[in-house]
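Next come the chains, spelled out residue by residue.
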Amino acid sequence: MKLRHSARTDVGKTRDHNEDSYGVGEGEQVEQMGQLLVVCDGMGGHAAGEVASQLAVATILSSYYGDDSDDRPQSLEQAFEQANALVYAQGRGSMGTTGVAALIHHDALHVANVGDSRAYLIRDGEIRQISRDHSFVGDQVAAGLITAEQARLSPHRNVITRALGYQADVTIDLFRMPLQIGDLILLSSDGMHGLITDAEILEIVGSMPPDQASQRLIDLANRRGGTDNITVLIARVDALDWYDDTSVDLANSDLHERVTVELPTSEVAIIEPPEPVPAHTVATVAPPAPIEAAQPAHAPATPALPQSERHLNWLGGLLALLLVGALAGIIAFALMPTAALAPGTDGTPAGSPAPTAETTPAGSPAPTLQTTPVASPAPAPTAPAPTARPTATSAARPTATVGPTATSTARPTSAPVARPTSPA
């Protein structure tokens, strides 16, 4: 990794002392732990703001390079927490400072941010603000209530909502972006970016070397009133350790924020980092899907049949067909005319000749039906056989009544024999 950087600070035109501070990592540790750049803007009245900013810069640098853990973003976060604790312990809430830091490590940019000092990334003629302003107007811009230009001109632009040293605990925003050769990183206090637009910053920083650009920005801010202390730190990436020549579009690339902060009037989007989640970050992992039993490779899976299809087979269909046929036979039999009785069932002894119906020629008396009397166990005197009179016309079926013990129905044969009725 190879960087060129330039840092300048100026008291401005209206202040009698400078409460801004900056710092840059140096020495052999930079090769192992990365290059760290820091800008702080102190607050708290005469001398107090200057003390707060100087103490915060020194603590952040010493704490970060004093931690040799492998998780460098975590080391940067802990360095900010340590700075907050020391400033708070010394001022007891009476002084504070903003803080913004840029760490270039393993071809990635890590930004830590508390307050309204900013970090920008300039790439391929485009500028993008990486940090988020923790200020009253910054929260309104994030919520879409006002524009960035309105925030820059607002009378409440100096009211911040978060700082190092005002409370015992503080939440730090952390961001990550991949770097490319030629990228420009800019850190500034609000005395600069509060008076110069992003488009003007892009034009100046993108058109000249870092040392000239930093001085040009300070001069422009002073020409516009210099209402606050002005600090500018610019670094240019000339080489990277593991450079990937794949181009990254700055306008469409996503910032990766590892720590999410809930602000009073706005939300900070949660963006997952592309690299493995650090050990201290809790990740939500969806439960794995249930594992189904594997089937042998040579036996293809048989699709399951619906419950109703498993019971509808050929045997069931055949039984249903037979049942319907039997039911139809029963119904047909019940509707048929009365069938001829078997021998002996009509009261006629077995072997007796079947009764025949007599017909009478035209003009003769009505025919009578000859029937055989019921057999009795003892011989009886010969008596005239009872005669039966037809109860209907010749088209109707003749019926006969034989004594009080039996009733029989005579069916005419296919060739009736006509004879006169006579006593038996």
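Draft legend 1. Broad picture of the side chain of Asp 67. Along the polypeptide, Asp 67 turns up in the loop between α2 (48–65) and α3 (72–91). Despite its burial, Asp 67 pairs with no opposite charge, the nearest such side chain being Arg 72 at 4.8 Å. Within the structure, Asp 67 has its side chain in polar contact with the side chain of Ser 75 (distance 2.9 Å). In this structure Asp 67 touches Met 33, Arg 72, Ser 75 and Gln 78, once residues within four positions along its chain are discounted.

Draft legend 2. Inspection of the nonpolar core at higher detail. The biggest cluster of nonpolar side chains holds 27 residues, and the ones touching the most others in it are Leu 36, Val 38, Tyr 64, Leu 76 and Phe 80. Of all elements in the fold, only α1 (29–33), β3 (35–43), α2, α3, β5 (99–105) and β6 (108–114) reach the threshold of two or more residues within this core. If you look at the next biggest cluster of nonpolar residues, it comprises 20 residues, including Val 39, Ala 102, Ile 104 and Ala 119.

Draft legend 3. Broad picture of helix α8 (residues 210–223). Between the first and last C-alpha of α8 there are 20 Å, a value that for 14 residues agrees with the 20 Å anticipated at 1.5 Å per step. Looking at the buried residues of α8, the elements they touch are β1 (2–10), β10 (184–188), α6 (190–193), α7 (198–205) and β11 (230–239). Immediately beyond the C-terminal end of α8, within one or two residues, lies Gly 225, with a positive phi of roughly 125 degrees.

Draft legend 4. Representation of the pairing of strand β7 (residues 118–123). Buried residues dominate β7, accounting for six of its six residues. Alternating positions in β7 separate into two faces, Arg 118, Tyr 120 and Ile 122 on one and Ala 119, Leu 121 and Arg 123 on the other, with burial throughout. Relative to β10, β7 runs antiparallel, the two sharing five bridges. Paired with Ile 122 across the two strands is Leu 184, which belongs to β10. Bridging between β7 and strand β8 (residues 126–129) involves four bridges; their strand directions are antiparallel.

Draft legend 5. Spatial organisation of the packing of aromatic side chains. Counting across every chain of the model gives one aromatic pair. Geometrically, the ring pair formed by Tyr 64 and Tyr 65 is edge-to-face, given 5.0 Å between the ring centres and 80 degrees between the ring planes. Of note, Arg 72 hangs over the ring of Tyr 64, and the distance from its end group to the ring centre comes to 4.4 Å.

Draft legend 6. How the structure looks around the packing of α7 against α8. At a closest axis distance of 9 Å, the pairing of α7 and α8 adopts a crossing angle of 145 degrees. Here α7 runs over α8; the crossing is right-handed. Across the interface between the two elements, Ile 201, Ile 204 and Val 205 from α7 touch Ala 213, Arg 216, Leu 217 and Leu 220 from α8. By residue class, the composition of the contact of α7 with α8 is six nonpolar, no polar and one charged.

Draft legend 7. Structural context of the sheet that holds β11. A sheet is described by the order of its strands in space; here five strands give the open sequence β1-β11-β10-β7-β8, paired in antiparallel fashion. Of all strands in the sheet, those bounded by a partner on one side alone are β1 and β8. Direction aside, the axes of adjacent strands within the sheet are offset by 15 degrees on average. When β1 meets β11, the two strands line up antiparallel, connected through nine bridges. Paired with Ala 7 across the two strands is Leu 233, which belongs to β11. Against the sheet, α7 contacts β7, β8, β10 and β11, and its axis sits at roughly 55 degrees relative to β7.

Draft legend 8. Molecular detail of a nonpolar patch on the surface. Taken together, Leu 318, Leu 319, Leu 321 and Leu 322 make up a surface patch of nonpolar side chains, about 410 Å² in accessible area. Here Leu 321 lies in helix α10 (residues 314–335). Leu 321 gets classed as exposed once you look at its relative accessible area, which sits at 59%.

Draft legend 9. Highlighting the pattern of salt bridges. Taken as a whole and assessed by the stated rule, the structure comprises eight salt bridges. A salt bridge links Asp 173 to Arg 162, with the shortest nitrogen-to-oxygen separation between them at 3.5 Å. Here the residue Asp 173 occupies a position in strand β9 (residues 173–178), and Arg 162 occupies one in the loop between α5 (148–153) and β9, the gap between them amounting to eleven residues. As far as burial versus exposure is concerned, Asp 173 and Arg 162 are alike and both buried. One salt bridge in this structure joins Arg 236 and Asp 238, with 3.3 Å as the shortest N-O distance. Arg 236 sits in the partly exposed class, given a relative accessible area of 28%. It is possible to trace a salt-bridge network through shared partners that takes in Arg 4, Arg 236 and Asp 238.

Draft legend 10. View of unusual backbone geometry. Of note, the phi angle at Arg 92 is positive, near 55 degrees, even though the residue is not glycine. Mapped onto the elements, Arg 92 comes out in the loop between α3 and β4 (96–97). Overall, the relative accessible area of 65% leaves Arg 92 in the exposed class. For Asp 107, which is not a glycine, the phi torsion comes out positive at approximately 65 degrees. Considering the arrangement of structural elements, one finds Asp 107 in the loop between β5 and β6.

Draft legend 11. Representation of the confidence of the model for the protein chain. On average, the protein chain scores 74 in pLDDT, and the residues at 70 or more come to 61%. Counting contacts from residues 259–312, a segment whose pLDDT is below 50, to residues more than four positions away or on other chains yields 48 contacts. Note that pLDDT drops below 50 for residues 338–424; the model gives that stretch 56 contacts with residues more than four away or on any other chain.

How each quantity is defined
- Residues numbered from 1 in each chain as written.
- Predicted model: local features only at pLDDT ≥ 70, side-chain atom pairs only at ≥ 80, totals over all residues.
- Heavy atoms only, no water.
- Helix = DSSP H or I, 4+ residues; strand = E, 2+ residues; numbered from the N terminus.
- Buried < 20%, exposed > 50% of the residue type's maximum accessible area, 1.4 Å probe, protein only.
- Lys, Arg positive; Asp, Glu negative; His and termini not counted.
- Salt bridge = Lys/Arg side-chain N within 4 Å of Asp/Glu carboxyl O.
- Polar contact = N/O pair within 3.5 Å; in protein donor to acceptor, adjacent residues only side chain to side chain.
- Contact = heavy atoms within 4.5 Å.
- Core = buried A, V, L, I, M, F, W, Y, C linked by side-chain atoms within 4.5 Å.
- Expected span 1.5 Å × (residues − 1).
- Pairing = 2+ DSSP bridges.
- Phe/Tyr/Trp six-rings, centres within 6.5 Å; stacked < 30°, edge-to-face > 60°.
- Lys NZ or Arg CZ within 6 Å of the ring centre and 35° of its normal.
- Axes fitted to C-alpha atoms, helices over the stretch in contact; angles between N-to-C directions.
- Left-handed = near helix turned anticlockwise from the far one by under 90°.
- Nonpolar A, V, L, I, M, F, W, Y, C, P; charged D, E, K, R; others polar.
- Patch = residues over 30% accessible without salt bridge, like charges linked within 9 Å, V, L, I, M, F, W, Y side chains within 5 Å.
- Areas by Shrake-Rupley, 256 points an atom, 1.4 Å probe, with all protein chains shown as cover.
- pLDDT = per-residue confidence, 0-100.

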